[in-house]
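Chain residues, written in single-letter form:
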There are 2 protein chains.
Amino acid sequence: MLKNSEFVSKLRNSGLRPTKQRLKICEVLFNRDKTFHFTINDLAKNISKNFNKKISLATIYNTVHAFKDKGYLKEITISSDKSYFDTNITKHHHFYDEDTNLLIDCNDNEIGKVNIKNNITGKKISSVEVLVRVASDYQNQN
Amino acid sequence: MLKNSEFVSKLRNSGLRPTKQRLKICEVLFNRDKTFHFTINDLAKNISKNFNKKISLATIYNTVHAFKDKGYLKEITISSDKSYFDTNITKHHHFYDEDTNLLIDCNDNEIGKVNIKNNITGKKISSVEVLVRVASDYQNQN
DNA sequence: CAATAGTTTAGAATGATTATAATATAAATT
DNA sequence: AATTTATATTATAATCATTCTAAACTATTG
Ligand SMILES: [Mn+2]
Ligand SMILES: [Mn+2]
Ligand SMILES: [Zn+2]
Ligand SMILES: [Zn+2]
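The rules behind the values
Residues numbered from 1 in each chain as written. Chains lettered and ligands numbered in written order. Predicted model: local features only at pLDDT ≥ 70, side-chain atom pairs only at ≥ 80, totals over all residues. Heavy atoms only, no water. Buried < 20%, exposed > 50% of the residue type's maximum accessible area, 1.4 Å probe, protein only. Helix = DSSP H or I, 4+ residues; strand = E, 2+ residues; numbered from the N terminus. Arc of directions from axis to C-beta. Contact = heavy atoms within 4.5 Å. Donors = N, O, S within 2.8 Å, 3.2 Å for Na, K, Ca; no water. Least-squares fit on C-alpha atoms with pLDDT ≥ 70 in both. Near = heavy atom within 4 Å. Polar contact = N/O pair within 3.5 Å; in protein donor to acceptor, adjacent residues only side chain to side chain. Nonpolar A, V, L, I, M, F, W, Y, C, P; charged D, E, K, R; others polar. Pairing = 2+ DSSP bridges. Axes fitted to C-alpha atoms, helices over the stretch in contact; angles between N-to-C directions. Phe/Tyr/Trp six-rings, centres within 6.5 Å; stacked < 30°, edge-to-face > 60°. Lys NZ or Arg CZ within 6 Å of the ring centre and 35° of its normal.

Student: Before we move on, can you summarise helix H1 (residues 4–13) of chain B with the specific residues and values?
Tutor: All names here are of chain B. All of the buried residues in H1 are Phe7, Val8 and Leu11. For H1, the angular spread of the buried residues around the axis is 105°, confining them to a single face. Packing partners of the buried residues in H1 comprise helix H2 (20–30) and helix H4 (57–69). One or two residues past the end of H1 sits Gly15, with phi positive at roughly 75°.

Student: How would you summarise the coordination of the zinc ion (ligand 3) if you had to cite specific residues and measurements?
Tutor: All names here are of chain A. Around the zinc ion (ligand 3), the donor atoms from the protein are His37 (NE2), Asp86 (OD), His92 (NE2), His94 (NE2) and Asp105 (OD), and they sit 1.9 to 2.2 Å away. Written as a sequence motif, the donor arrangement for the zinc ion (ligand 3) is H-x48-D-x5-H-x1-H-x10-D. On the criterion of sequence distance, the pair formed by His37 in strand E1 (residues 37–38) and Asp86 in strand E3 (residues 82–86) is long-range, its members being 49 residues apart. The burial state of His37 is the same as that of Asp86; both residues are buried.

Student: Break down the environment of A:Glu129 for me, citing the residues and quoting the values.
Tutor: Checked against the element boundaries, A:Glu129 lands in strand E6 (residues 123–136). Spatially, the C-alpha atoms of A:Glu129 and A:Lys91 are 8.2 Å apart, while their sequence positions differ by 38 residues. Setting aside its immediate chain neighbours within four residues, A:Glu129 contacts A:Lys74, A:Ile76, A:His93, B:Glu129, B:Val130 and B:Leu131.

Student: Now, about the relation of the copies chain B and chain A: what can you tell me, with residues and values included?
Tutor: Relative to chain A, chain B is turned by 180° and slid 0.0 Å along the rotation axis, the superposed coordinates differing by an RMSD of 0.1 Å. What we have between these two chains is a two-fold relation. Measuring from the rotation axis to each C-alpha of chain B, the shortest distance belongs to B:Val130, at 2.2 Å. Of all interface residues in chain B, 100% are interface residues in chain A too; the two copies therefore contact each other through one and the same surface.

Student: Requested: an account of the protein's contact with DNA strand C, with residues and values cited.
Tutor: What surrounds DNA strand C is a group of 17 residues, the closest being A:Thr19, A:Gln21, A:Arg22, A:Thr59 and B:Tyr61. A distance of 3.0 Å separates a phosphate oxygen of DNA strand C from a polar atom in the backbone of A:Ser56. One of the side-chain nitrogen or oxygen atoms of A:Thr59 is found 2.9 Å away from a phosphate oxygen of DNA strand C. Counting only elements with at least two residues in the surface near DNA strand C, the list comes to helix H2 (20–30) and helix H4 (57–69) of chain A together with H4 of chain B. Class assignment of the residues belonging to the surface near DNA strand C gives a composition of six nonpolar, five polar and six charged.

Student: I'd like to hear about the sheet that holds strand E5 (residues 102–105) of chain B, residue by residue, with values.
Tutor: The sheet built from six strands is open, its strands ordered E5(A)-E4(A)-E6(A)-E6(B)-E4(B)-E5(B) with mixed pairing. Either end of the sheet is taken by a strand with one partner, and the two such strands are strand E5 (102–105) of chain A together with E5 of chain B. Looking at each pair of strands side by side, their axes are set apart by 25° on average, direction ignored. Pairing of strand E4 (residues 94–97) of chain A with E6(A), which is carried by four bridges, proceeds in the parallel orientation. The partner of A:Asp97 across the bridge, within E6(A), is A:Val134.

Student: Help me get a handle on the protein's contact with DNA strand D, residues and values and all.
Tutor: Taken together, 18 residues are adjacent to DNA strand D, and A:Arg12, A:Tyr61, B:Thr19, B:Gln21 and B:Arg22 come closest. The sugar-phosphate portion of DNA strand D accounts for 78% of its atoms within 4 Å of the protein, the bases making up the rest. Here a phosphate oxygen of DNA strand D sits 3.0 Å away from a polar atom, N or O, in the side chain of B:Thr59. For the surface near DNA strand D, the element with the most residues is H4(A), which contributes four residues. Per-class residue counts for the surface near DNA strand D are seven nonpolar, five polar and six charged.

Student: How would you sum up the packing of aromatic side chains? Please name residues and give values.
Tutor: All names here are of chain A. Using the criterion set out here, one finds 10 aromatic pairs over all chains in the structure. Their ring planes at 70° and their centres at 6.2 Å tell us that Phe67 and Tyr72 sit as a pair that is edge-to-face. When its relative accessible area of 18% is taken as the criterion, Tyr72 is described as buried. Through pairs of rings, three or more aromatic residues link up here, namely Phe30, Phe67 and Tyr72. In this structure, Lys10 packs its charged tip against the face of Tyr72, placed 4.4 Å from the ring centre. Directly above the aromatic system of Phe36 lies the positively charged group of Arg32, at a separation of 3.7 Å from the ring centroid.

Spelled out as structure tokens, the structure:
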């Protein structure tokens, strides 16, 4: 539950001007109790529903990518045609419900620490992500 | 190192007619000692280089998707704009080298078993995949 | 209040993937 | 082995999410 002036600082601190559009997008994304997952399309619909002045799709793309670059969003790719953004930027894993197409955060009492015994020589690990796909029992599994 | 007649059976057994094009693609993908990762683009280039008669891009897409549906290939999605296919269809995890854009298979002495303590109620796990992104030590990490 | 740098926008361009529908091939049937 | 039927391939067009362009707009600075 951040307020407008906090978004202004947040944007200024990252070298982004606090424009009307960016503040509106901040409000939609970050002015909540819980983090959530969304697609660009979800966000565009959400904004057009809850904002009288329209924000162009190019700006929505630009802003989401800027926020991702600044580390305010993470991108989670499920398949070649499904990409989600996540307002939860802490390290965490996901369940993906193939029936509902919903991403669900895992916490530590759901997936234990991944044990990486050997890394590639000369490389540093930049992220470790687990994706657990789930579906109804009686549905076709692949 | 399978031979042509084995590919013919394999295709027939899955209800796919053993056409010239599909057999050529089988040869390129499965007539090897080691499994590997490829993009559609890689495969198309490979075929045009090693085959005198061209296979249309539509057929390459169709065949790769048919093979994936039949379980002869797995798809590994790295980001919204990078999708790989894998001829290793066993359960395994991956390192992704952000410097070289190369996918590398993990074996059990690199990543231990993922401990899933609680699953979503009423759902069955259809896959568990770990992706470890790595990059050079001195490179920008995100 | 300029001047400047950064931002938004509508619309065009891109490019990977998929659809179309005519032609070709494989399999099944006579 | 000729005919019929089902399936596959192909060139090409269509789709559509994303990115690009460049003109208009806005926030910031002096
Ligand atoms: Mn695909
Ligand atoms: Mn993107
Ligand atoms: Zn999440
Ligand atoms: Zn692999």
